[in-house]
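# Geometric and topological summary
So you can see what is in the structure, the chains are spelled out below.
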Amino acid sequence: MTEIIDGNAVATDIRDSLTGGVETLKADGVTPGLATVLMSDDPASETYVSMKQADCEEVGIESHHVELDTDAPAEDLYDAIEDLNGDPSVHGILVQMPVPAHVDERRVLRAVDPMKDVDGFHPANVGRLVVGNDRYRPCTPHGVQKLLEAYDVETEGADAVIVGRSNIVGKPLANLLVQKRGDGNATVTVCHSRTEDLAAKTRAADVLVAAAGRPEFIDAEMVGAGATVIDVGVNRVDADTEKGYELVGDVDFESAREKAAHITPVPGGVGPMTRAMLLYNTVKAAGLQADVDVALP
Ligand SMILES: NC(=O)c1ccc[n+]([C@@H]2O[C@H](COP(=O)([O-])OP(=O)(O)OC[C@H]3O[C@@H](n4cnc5c(N)ncnc54)[C@H](OP(=O)(O)O)[C@@H]3O)[C@@H](O)[C@H]2O)c1
């Protein structure tokens, strides 16, 4: 029997327990604050930012928002980040990517105070993660780990195959799963567009994570019997819907579910977890900065 991994349910549990963490902080006089910074008029980026603000409200995190014109000088963005770094009511800073072409994305990542880097993309936090001493795990890979944990999927000794090597998903997840500890200890293979015989590698996976941004390209033929399939992909494809499109993952869900023991749907799998783990990092950040012990889920 294939078990469908319910990301909405796991994310709800995490949010519920974070609400308790927020109460602990508030009892100590600290209201956790997350600042979103938007320098884009892309409707998808605007939607992501407003979803993050609504998520904050739900658990009692105060949201702050800074918006810059897309043609504003890059310095304005760096200055805005500097101001937020110095604002004690802001514990987490999230700069919505992508930024306009005239802005140096790497400089943006470096500009955020590592203590407030709730995305976990600052080079100092990336380095800590690689050596197994992480401060803020990037939200999507952390969400994947939490899904595996919630469904008792063992990573210890497992062959984990990740399709995709981006800095936000594939690489940090590989670095997490390979760590010498209980939620790691996997043998990790990272595949990408130059990988030879991809299907042979994905079929050998006990845990297969698809993060390539290719609609439904992993089908039953690429999945080994009894594997756990985690679909990170979110792709818009034309469809006869009100919006004119629908969202599909990187996995052909209907065929792959025939082979998998566990599988995430899209939507309703990894997506809600990414959002929940941003709240997790913000609560953690507030606890670290205010020196308050907060129990995290
Ligand atoms: N659910 C969520 O919360 C969430 C969060 C983040 C991202 N996403 C989604 O996850 C997907 C990946 O995002 P991303 O930012 O990591 O993407 P990305 O930066 O575009 O990276 C895609 C990776 O997939 C590899 N790839 C592309 N086509 C391939 C193929 N045919 N065979 C093997 N590897 C292939 C690329 O290889 P090369 O390196 O060789 O180019 C690259 O490493 C997207 O659909 C994105 O929307 C979802």
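Rules of the game
Residues numbered from 1 in each chain as written. Predicted model: local features only at pLDDT ≥ 70, side-chain atom pairs only at ≥ 80, totals over all residues. Heavy atoms only, no water. Near = heavy atom within 4 Å. Polar contact = N/O pair within 3.5 Å; in protein donor to acceptor, adjacent residues only side chain to side chain. Nonpolar A, V, L, I, M, F, W, Y, C, P; charged D, E, K, R; others polar. 1 Å grid on protein atoms, 1.4 Å probe; cavity = no way out; pocket = protein on both sides within 12 Å on 5 of 7 lines; lining within 4 Å. Points joined across faces, edges and corners; volume = space filled by probe spheres on them. Helix = DSSP H or I, 4+ residues; strand = E, 2+ residues; numbered from the N terminus. Salt bridge = Lys/Arg side-chain N within 4 Å of Asp/Glu carboxyl O. Buried < 20%, exposed > 50% of the residue type's maximum accessible area, 1.4 Å probe, protein only. Pairing = 2+ DSSP bridges. Right-handed = clockwise from strand over helix to strand, strands pointing away. Core = buried A, V, L, I, M, F, W, Y, C linked by side-chain atoms within 4.5 Å. Domains from an automatic or database assignment.

## Observations concerning the site of the ligand
Taken together, 22 residues surround the ligand, and among them R165, S166, S193, V232 and T274 come closest. With respect to the ligand, the backbone of V232 contributes an N or O atom lying 3.3 Å from a nitrogen atom. Residue composition of the shell around the ligand, by class: ten nonpolar, ten polar and two charged.

## Observations regarding empty space enclosed by the protein
Taken as a whole, this structure holds one cavity of 30 Å³ or more when the rule is applied. Empty space within the largest cavity amounts to approximately 70 Å³. Surrounding the largest cavity, I93, L94, V95, M97, V108, L109, V112, D117, D119 and F121 form its lining. Listed by contribution, the elements that provide at least two residues to the lining of the largest cavity are β4 (92-95) and α4 (105-111). Among the elements that take part in the lining of the largest cavity, β4 stands out by supplying three residues, more than any other. Partitioning the lining of the largest cavity into residue classes produces eight nonpolar, no polar and two charged.

## Overview of the pattern of salt bridges
Under the definition given, this model contains nine salt bridges. D183 is paired through a salt bridge with R181; the nearest N and O atoms lie 3.2 Å apart. The salt bridge involving E254 is made with R257; its shortest N-O contact spans 3.7 Å. Exposure remark for R257: the relative accessible area of 28% places this residue in the partly exposed category. In the salt-bridge network here, residues are joined through shared partners; they are D134, R137, R181 and D183.

## Topic: the layout of surface pockets
Computed from the structure, the second largest pocket encloses a volume of approximately 160 Å³. Lining of the second largest pocket is provided by V163, G164, R165, C191, H192, S193, L198, A211, A212, R214 and F217. For the lining of the second largest pocket, the per-class residue count stands at six nonpolar, three polar and two charged.

## Description of the pairing of strand β5 (residues 159-163)
Counting buried positions over the five residues of β5 gives four, a clear majority of the element. Pairing of β5 with strand β6 (residues 187-191) involves five bridges; the strand directions are parallel. Note on β6: the bridge partner recorded for I162 is V190. What joins β5 to β6 is helix α7 (residues 170-177), and the crossover it makes is right-handed.

## Some details on the nonpolar core
Counting 45 residues, the largest nonpolar core has I61, I230 and V232 as the members making the most contacts within it. Within the residue set of this core, elements represented by two or more residues are α1 (7-27), α2 (43-59), α6 (139-150), β5, α7, β7 (207-210) and α10 (270-290). Built from parts of two domains, this core gets at least three residues from each of domain 1 (30-115) and domain 2 (139-271).

Taken by themselves, the reported measurements are silent on function.
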